[in-house]
Amino acid sequence: MTAAPDSAVSEQPARTAEAAPRKRAPGGKAAPAKAPAKKAAPRKAAAKRPAAKQAPAAKGPAKKPAAKAESRTALVRRARRINRELAEFYPYVHPELDFENPFQLLVATVLSAQTTDLRVNMTTPALFARYPTPEEMAAADPQELEEIVRPTGFFRAKARSLLGLSAALRDRFGGEVPGRLEDLVTLPGVGRKTANVVLGNAFGVPGITVDTHFGRLARRFGWTTSEDPEKIEEEVGSLFPKSEWTMLSHRLIFHGRRVCHSRKPACGACPIAPLCPSYGEGETDPDKARKLLKYELQPGGTGQRLKPPPSFVEHQKAVHQPVVPAGEGE
Ligand code: SF4
């Protein structure tokens, strides 16, 4: 099956990183009350949202406004609005792992656990040159394989997974990566997250990829309260048409890596601040927040792909940033 890694990127117009802070924060602490409501507030949901006026000024610095119950309809509208805003802000989203076929994507995704995609992208060229097929990887000398994947960390366990999944592909699937979730999850080292990455990006089968970024952002957006990846997948999936699932996953993961960081989200430079009930969890000062942005949102920065897709290269050119291999980030 032919890989289709980058073909699904949004057709929407490019926007520069500098455009980020043009939208102001919502009713939270630093938000000027008027500008945002117009552009971003989905009619009722966000406009009335976390109203500071509703916050019980009981104790403490009412940083988070009291959560007013949001109807299901309002939640769906706000969720879809966030998705559209992110699509506009990141018109070039893509999987950040370099790959040329489903086998390479599967292997790269297994290697990406507990490390950056950039690190994996720096490791896989030598790996795929040495073992281009499942048959060849299954026959690899374990120690040699371990040495090649060592830079990605947890290299013994990862090498074991690669040997196991390659042998399974050879023995049970005729040397091909299967295009069904129920088959993929039977491979050693492959769970739902990896399976959905492969299905969504190598087979064009919509899938939600719940990694650490996706889960964190879905909770911050109020789309779920769960920590359980399968529950998150189910709850978020119910807010969107299936056809959006793969690109939605990329958008949340991009946003989590670049703006809505785990420890210090850059709320003051966030394009969806007016729609986010968690505005104020991070830095709200626009200048300070801009300094927290990562990858291509920093002057001179770029993404994690060593072979970035054309849409990304074009976008970078449009904002006059050179496309060079990135430094590591979150
Ligand atoms: S950075 Fe994250 S928490 Fe802050 S407003 Fe944006 S999405 Fe919400």
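Cut-offs applied
- Residues numbered from 1 in each chain as written.
- Predicted model: local features only at pLDDT ≥ 70, side-chain atom pairs only at ≥ 80, totals over all residues.
- UniProt positions renumbered as here; feature names shortened; annotations may be inferred.
- Near = placed C-beta within 6 Å.
- Nonpolar A, V, L, I, M, F, W, Y, C, P; charged D, E, K, R; others polar.
- Axes fitted to C-alpha atoms, helices over the stretch in contact; angles between N-to-C directions.
- Helix = DSSP H or I, 4+ residues; strand = E, 2+ residues; numbered from the N terminus.
- Parallel < 35°, antiparallel > 145°, perpendicular 65-115°, else oblique.
- Left-handed = near helix turned anticlockwise from the far one by under 90°.
- Contact = placed C-beta atoms within 7 Å.
- Buried ≥ 20, exposed ≤ 12 C-beta atoms within 10 Å, placed from the backbone.

In the nomenclature of an unreviewed UniProt entry, the chain is known as Endonuclease III of Streptantibioticus cattleyicolor. Recorded in UniProt for the chain, the comment headed Sequence similarities (unreviewed entry) runs: "Belongs to the Nth/MutY family." Regarding the chain, the UniProt comment filed under Catalytic activity (unreviewed entry) reads as follows: "2'-deoxyribonucleotide-(2'-deoxyribose 5'-phosphate)-2'-deoxyribonucleotide-DNA = a 3'-end 2'-deoxyribonucleotide-(2,3-dehydro-2,3-deoxyribose 5'-phosphate)-DNA + a 5'-end 5'-phospho-2'-deoxyribonucleoside-DNA + H(+)".

A. Region of the structure containing the site of the ligand. Of all residues adjacent to the ligand, which total 14 residues, the nearest are Cys260, Pro265, Cys267, Cys270 and Cys276. Taken together, the residues that form the shell around the ligand break down as 10 nonpolar, 2 polar and 2 charged.

B. Fine view of the packing of helix H4 (residues 102–111) against helix H8 (residues 155–172). Where H4 contacts H8, the axes come no closer than 10 Å and their chain directions differ by 155°. In terms of orientation, H4 lies roughly antiparallel with respect to H8. Crossing angle aside, the handedness with which H4 passes H8 is right-handed. In this structure, H4 uses Leu106, Val107, Val110 and Leu111 to contact H8, whose residues at the interface are Lys158, Ser161, Leu162 and Leu165.

C. Quick look at unusual backbone geometry. In this structure, Gln114 is a non-glycine residue whose phi angle is positive, near 60°. Assessed through the 11 C-beta atoms surrounding it within 10 Å, Gln114 is described here as exposed. Positive phi, normally seen in glycine, also occurs at Phe154, with a value near 45°. Among the secondary structure elements, Phe154 is positioned in the loop between helix H7 (142–149) and H8.

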